[in-house]
Amino acid sequence: MAVVISILLGCATLFVLWLTTKNRRKPTNPKDLPYPPGPKGLPLLGNALDMPAKEPWTKFAEWKKQYGDIIGLSVLGKSIIIVTSYEIVSELLDDRGAIYSDRPVNRTFNEHGDWGNFLAMIHYGESFHRQRKMLNDFLNPSGARNYHELLTQHSHELANHLLQHPDKFAKYNRFHISSVILNIVYGHKVKDENDEWINGADSAVTSAAEFGQMGAHPIDLFAILGKLPYRIWGKNFVEKLGALKRGAYDIGPKPYIWTKDKVLSGTVGPSIVSALIEQYSLPDGTIQYESDIYGSTGTVYLGGSDTSVTALDGLVLSMMVHPEIQKKAQQYIDEIISREDRLPELSDLNALPYISAMLKEILRWKPITPLGLPHASIMDDEYKGMFIPARSMIITDVMSMTSNENDFPDPYTFNPERYMDYSSEKPSLRSDVRDPFDIIFGFGRRACPGRHVAVAQMWIMCATLLSVFDIKCPLDDNGDEIRPDLEYVSSITSHPKPFKSVFAPRSERAVELLKASLLVNEQ
Ligand code: HEM
């Protein structure tokens, strides 16, 4: 019986597909312009079978050689545009942001899994603008400066945890990144690793990562299929959808309601949510735009936890395999900071451009989101004589841009020097090279709003760890280094495979300074 249902569903799907695609091109392309070039697909299916499920950027690199920097595909009647150059992505997504700032239709996640209200998923429109504004007030450069003290404290606590448990970097990396975000967003102070909030938020992130490829389910293609009972898609689908819904609640309404209750009873410290509650409270006690408050703030954990954890992983890995670069960074830190007998602070950022150069290189060398997050267009557009239909999915091939030889010669070598200018007495950052931050944090109106917090956090964690520790590879029984596997595993974001590292204190004085700063933080 199940087989018959599947066949009937398959036939119905193909029929609907035929109806929707047969006249797709004519009415919307009045000048009959060519579409961006790309591989020729099959009838009806288009390029559905050409799209690789794993590491698609490898295939895109082949297509780039054949078709150029803008590639057009059609998958089951839907237009997909892959952009592999920074210049084109910037012309489309930055300069024509009013057209290219939507997200693709993703019905399983957004409508059936309740994720549609989270900023990273939300369609372009009024709520999108409101949510961006809500976050921007706190995360823009001057807002981000308010978190410098908190970020510095956590960098000291992370260093202290690593002093006590030098083999537990993975655990304490995640713990401190999560703690910072939960404190900033909700005023929640995480006490230990078994914190219920961290577990709830992490299972929400996992439910999304494990759901499968976004936008690829038949329900995403044909809304009507979503009206059928979920069980026809199998037990696995029903369970994953259940987890997705629970995840959406755990990361959205649940922490919001908790914070609201505490704000009303005056028992929680300052946070983004409490400030927004105050800002949007009406005299009659109701709060306006509550779903936008938890849609925007819930996305901060989604957008900022996994990414920042991986960024710090990248720092540790790159220092393990490039001790000479680590040494140079430590010399710069020592020159400025150790002679003042203190630990680094974020106010040292401009005086230590080499640390900033390292961070740029870490994020370029192993991009955390190798294809960014897809954008979508809301109206037909013409680009250099080519036609880009409305509702195209725009894939930004970050991997191609960060390994472009013109911008980053010898791109697979980890080399912070590419950003350094030694022409004057004090080294500085070059202003004539492409800044990888302009690529890896996304584009146009959807560019990462947490960029300034992310960079400040990475900078202070890097400077603190390098002033207190030598980061090394562990040794095997023969005394040989166990080098990490530098392969990354990709889902929505890219992660290194689990690795072991050694944090060896550099000097007694560095440890004393750390202990002293922890005492000050406690007071
Ligand atoms: C190294 C760390 C990070 C990286 C590499 C990163 C990267 C990105 C990228 C590529 C996007 C999609 C941009 C686009 O659609 O063009 C994004 C979106 C977003 N990020 Fe980040 N991010 C990081 C850290 C953070 C942090 C710390 C926060 C919050 C404090 C944050 C909050 C967000 C939010 C809310 C969005 C959704 C924006 C929207 O759809 O309009 N991110 N991020």
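Please read all numbers here as calculations on a predicted model, not as lab measurements.

J.: An account of the side chain of Ser356 is needed here, citing residue identities and associated values.
T.: Position of Ser356 among the secondary structure elements: in helix H17 (residues 353–365). Residue Ser356 is classed as buried on the basis of its relative accessible area of 11%. Not counting chain neighbours up to four residues away, the residues in contact with Ser356 comprise Leu349, Leu429 and Trp459.

J.: I'd love a proper account of helix H15 (residues 290–321), names of residues and values included.
T.: Between its first and last C-alpha, H15 extends 47 Å over 32 residues, near the 46 Å set by a 1.5 Å rise per residue. For H15, the buried fraction is high: 27 of the 32 residues fall into the buried class.

J.: I'd like to hear about the side chain of Arg107, residue by residue, with values.
T.: The topology assignment puts Arg107 in helix H5 (residues 107–112). Buried charge without a partner: Arg107 forms no salt bridge, and the closest opposite charge is Glu111, 4.3 Å away. In this structure Arg107 touches His112, Ile219, Asp220, Leu221, Phe222 and Ala223, once residues within four positions along its chain are discounted.

J.: Could you give me a rundown of the packing of aromatic side chains, with the residues and numbers involved?
T.: Across all of its chains, the model carries 19 aromatic pairs by this definition. Ring plane angle 90° and centroid distance 6.4 Å describe the contact between Tyr172 and Phe175, whose orientation is recorded as edge-to-face. Of this pair, Tyr172 and Phe175 both sit in helix H9 (residues 169–186), three residues apart, roughly one helical turn. Ring geometry for Tyr256 against Tyr294: centres 5.7 Å apart, planes inclined by 50°, an arrangement best described as tilted. With Tyr256 in helix H13 (residues 253–265) and Tyr294 in helix H15, this pair connects stretches of sequence that are 38 residues apart. The class of Tyr294 is partly exposed, set by a relative accessible area of 23%. Ring pairs connect the aromatic residues Phe109, Trp115, Phe118, Phe211, Tyr230 and Phe237, which therefore count as one cluster. The positively charged end of Lys366 is found above the aromatic ring belonging to Trp365, 5.3 Å away from the centroid.

J.: Explain the UniProt feature "binding site: heme" (unreviewed entry) in the protein chain to me, and be specific about the residues and the numbers.
T.: Listed under "binding site: heme" (unreviewed entry) in the UniProt record, and renumbered for this structure, are Cys448. Position of Cys448 relative to the elements: it lies in the loop between helix H19 (437–440) and helix H20 (451–468).

J.: Quick rundown of the pattern of salt bridges? Include the residues and the values.
T.: Applying the stated criterion across every chain, the model contains 30 salt bridges. Between Asp69 and Lys64 there is a salt bridge; the shortest N-O distance is 2.7 Å. Under the relative-accessibility criterion, Lys64 is labelled partly exposed at 27%. We note a salt bridge from Asp435 to Lys360, for which the minimum N-O separation is 3.1 Å. You can see Asp435 sitting in the loop between strand S8 (428–429) and H19 and its partner Lys360 sitting in helix H17, a full 75 residues away along the chain. Judged by relative accessible area, Lys360 falls into the buried class, the value being 10%. Because the salt bridges share partners, they merge into one network encompassing Glu87, Asp407 and Arg434.

Procedures and definitions
Residues numbered from 1 in each chain as written. Predicted model: local features only at pLDDT ≥ 70, side-chain atom pairs only at ≥ 80, totals over all residues. Heavy atoms only, no water. Helix = DSSP H or I, 4+ residues; strand = E, 2+ residues; numbered from the N terminus. Buried < 20%, exposed > 50% of the residue type's maximum accessible area, 1.4 Å probe, protein only. Contact = heavy atoms within 4.5 Å. Expected span 1.5 Å × (residues − 1). Lys, Arg positive; Asp, Glu negative; His and termini not counted. Salt bridge = Lys/Arg side-chain N within 4 Å of Asp/Glu carboxyl O. Phe/Tyr/Trp six-rings, centres within 6.5 Å; stacked < 30°, edge-to-face > 60°. Lys NZ or Arg CZ within 6 Å of the ring centre and 35° of its normal. UniProt positions renumbered as here; feature names shortened; annotations may be inferred.

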